[in-house]
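Now for the letters of each chain:
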Amino acid sequence: MMNKPYMGKILMVDLSAKTVTEEIIPDDVYKQYLSGMGLGAYILYNRIPAGADPLGPENILGFCSGFLTGTGSLFSGRWTLVGKSPLTGGWGDANCGGTFSPAIKHCGYDAIFFKGISDKPVYLYVKNGKAEIKDAEGIWGLDAVEAEDKLEKMYGPKAHAAVIGTSGENVSLISGVCTDSGRIAARSGLGAVMGSKKLKAVVVDGVQRIGVHDPAEMKRLSRHCAKWTKFPMPLSLLPGIGMALMGTFLRITPIMFAQDGLLYKTILKKWGTGGMNQMSIEMGDSPLKNWDGSNRDFRLKKSGKINPDIIINTEIVKYHCHSCPLGCGGICATKGKYAHTHKPEYESILALGGLCMNEDMDSLFYLNELLNRAGMDTISAGATVAFAIECYEKGILTKKDTDGLELKWGNTDAAVALIKKMIAREGIGDILADGSKVAAKKIGKGSEAYTVHAGGQEPAMHDGRNDPGFNVHYSVEATPGRHTIGAHLYYEMFQLWKRVKGLPRPNLLFFKGSKYKTNEEKAKASAACSKFMSMANGAGMCMFGVFIGIKRVPTFDWLNAATGWNMTPDEYMTVGERIQTIKQAFNVRHGIEPKNNFISKRAQGNPPQKEGANKGRFVDVEKLAADYWKEFGWDPANGKPKEETLKRLGIM
Amino acid sequence: MSYTITEKCNGCGACVRICPADAISGEKKKIHSIDAGLCIECGACGRICPQSALLDEKGSPCTMIKRSEWPKPQIEIAACVACGICIDACPVGCLAMSAQPRSKGVDPFPYLNDARACIGCGFCSLDCPMDVITMPKPLKA
């Protein structure tokens, strides 16, 4: 065992040639990119030829473990799936927790990459540094949970599998990769890339130890972090309806307060992400009725049916990802076909619920498990159904097109039936299985006006008209539509100004209207979120963990204790800047015009809504994006990284 | 660093069978060797070798211990944060996370699921960030 937190090697698997090659990665690369998303971006930028078909043999799919994973740090168990996205045509990544991240490293590798296409279904089995491409007969065709169970039973208690479900096999462009019976790297449509390669699963089964420079300091920092994670807050005594009323208050009050992540961690600990279900609707954070409705369409009586207390009443036990002291997940008992499911996340509930005007909680539990097993992204699936319902309402789709389904707002049975068709790629489901943008192209008849996407990807259930920061990141990230990078709220919670020089400290109290003003401070805050989260995704940190605050969840200090590099927070932010910029350079190389990734006009508030929480709100995405690009040293006119910026960051 | 095998080895293969890292190889009845790149220093080979033919990572000789006397993890659940690091650290997968909540609370808890598989390496205890795992020797019946 070495006293460094990375294994120093990657595995490159060529599925066409059926070869497995071990490669040593120079230390310097880790210092510049960490591992996880950073190493993934470095490899893919350098190796995928411009214009490669995302579903062709030249695309590379990478399973990258976090740099801090397995080092005794907490909240550091996340891995990143990387590849060129078939959904957006540009950079693709998806983040996932569970137990898979350390398992990659225990095999002796920081990441495993796949290129080529197999002529028949296969899976990769890696045991203690030896890798073998195996025939996937008997596993291909199974759903994600069945396939994972089968593989893990076959290889014993140390084996961990990442698998695609049937949606990935069917190359659905909104499919992802699953681990741990329902943790899913769902975004960017990378399940389709895995399916196109005819790769059913990656099984890692190793025991290599992961070292650190200063184990005692790692432990000291982890104790400090655990203390803050356990910090008692009176909020935990509130019932779910209290959260809803807090949302109502936040909607009515003209004055907002800067939020401390300790509030959100308390919500996560008690309810999980679903704690926000009703509150988000009330305050205008959650889009409704395909982004055209408002809280007035989904009032408390209706949203009460998805109250978080109802969800945790079914919870058997909390679920913690690797190295997580918080445990926002849970295992829930459900009625009907499946005995239990991972507790449905906020995003899944609101995409399949509020966005489709569906308040039937039983159906949401069922769809959650159904989609996890199929390996289909719940956000994109829900958003695509909402799009289809609006097309039906507008007469663009008729009963004849839908094979008799009455696609009306809140028709739960029709929504469930439609999703089953999407999973099976049957009838109208075949058209919708690749997300709303592709579907609109096939349907035509002006249906494009009812899609809400950024660069082809459906955004998450956070309305940028309520927090304009979301609209910035939906529009400027290399993975457009992404909600796990930045927002006004996130900037407040990260508390980066406490460690990083020159970052603005938000006012404790402020008028809501001030969020919509565009100025340099806003651009600085957005850029800081992107840099920090790119770095954190390299480190394998959980966003919910880092929400607690940079001093309490000491990411920079863990990195130094693990490596002995003694880098400053500013230097780590430069690592994030490099990762963010190389992803952007990847997009430019692959012909993406950054401006075309801006979120759909409806979600920008153009035209503004006439009623509800976000009445009259408009977010000037063009101006905000230009300011953001300038902050990064990218051309403010078109978002392309300038030569001098690439040079400064050492990106060739 | 790595464990090493001395010429006292008679090639019985006990260490090969117990090594969780697939680090030991050798022909039957001939001196075995350890791949230093794979050895994780769990010490199972040292505890099982009837010939005392193992040197630990510092070069000190290991002595055989009866398997029933190998230390086993004891977990103080009250202070455990359920982070699962112990389960991940275990090289033989003998620890598991409960499917039910602990008696006081909603979180699951790690437990020794397969005591016979435990090799007494103590990695769970070493890696636990909260230091809630000890490795006492089993009490004699």
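What you see is a predicted model, and the numbers here were worked out from it, not measured in a lab. (Residues numbered from 1 in each chain as written. Chains lettered and ligands numbered in written order. Predicted model: local features only at pLDDT ≥ 70, side-chain atom pairs only at ≥ 80, totals over all residues.)

Asker: Hey, could you run me through the sheet that holds strand S15 (residues 329-333) of chain A in this one?
Answerer: Adjacent strands of a sheet pair through backbone hydrogen bonds, lying either parallel or antiparallel. Residue and element names in this part refer to chain A. Taken in spatial order, the 3 strands make up an open sheet running S14-S15-S16, and their pairing is antiparallel. Because the sheet does not close on itself, it has two edges, and the strands there are strand S14 (315-319) and strand S16 (340-342). Here the average twist between neighbouring strands, direction ignored, is 20 degrees. Pairing of S14 with S15 involves 4 bridges; the strand directions are antiparallel. Residue pairing for S15: Val-317 is matched across the bridge by Ile-331. (Pairing = 2+ DSSP bridges. Helix = DSSP H or I, 4+ residues; strand = E, 2+ residues; numbered from the N terminus. Axes fitted to C-alpha atoms, helices over the stretch in contact; angles between N-to-C directions.)

Asker: Hey, could you run me through helix H9 (residues 261-270) of chain A in this one?
Answerer: Since there are 3.6 residues in each turn of an α-helix, residues three or four apart along the chain are aligned in direction. Residues and elements named next belong to chain A. Most of H9 is tucked away, with 8 of its 10 residues classed as buried. Considered for burial, the residues of H9 that qualify are Gly-261, Tyr-264, Lys-265, Thr-266, Ile-267, Leu-268, Lys-269 and Lys-270. Against helix H7 (215-229), helix H20 (488-494) and helix H22 (543-546) lie the buried residues of H9. Just past H9, the residue Gly-272 takes up positive phi, approximately 90 degrees. (Buried ≥ 20, exposed ≤ 12 C-beta atoms within 10 Å, placed from the backbone. Contact = placed C-beta atoms within 7 Å.)

Asker: Is there a simple way to explain the domain arrangement of chain B in this structure?
Answerer: Size of an interface: often given as the accessible area lost when the parts come together. Residues and elements named next belong to chain B. Once the domains are mapped, chain B shows domain 1 (1-65) and domain 2 (68-134). Computed from C-alpha atoms alone, the centre-to-centre distance between domain 1 and domain 2 is 26 Å. Each partner contributes to the interface: domain 1 provides 9 residues, whereas domain 2 provides 8 residues. Its residues assigned to classes, the side of domain 1 that touches domain 2 shows 7 nonpolar, 1 polar and 1 charged. (Domains from an automatic or database assignment. Nonpolar A, V, L, I, M, F, W, Y, C, P; charged D, E, K, R; others polar.)

Asker: Would you explain the confidence of the model for chain B in this entry?
Answerer: Regions with low pLDDT should not have their predicted coordinates read in detail. Mean pLDDT over chain B stands at 96; residues scoring 70 or higher make up 99%. For this predicted complex, the interface score ipTM comes out at 0.97, alongside a pTM of 0.98. (pLDDT = per-residue confidence, 0-100.)

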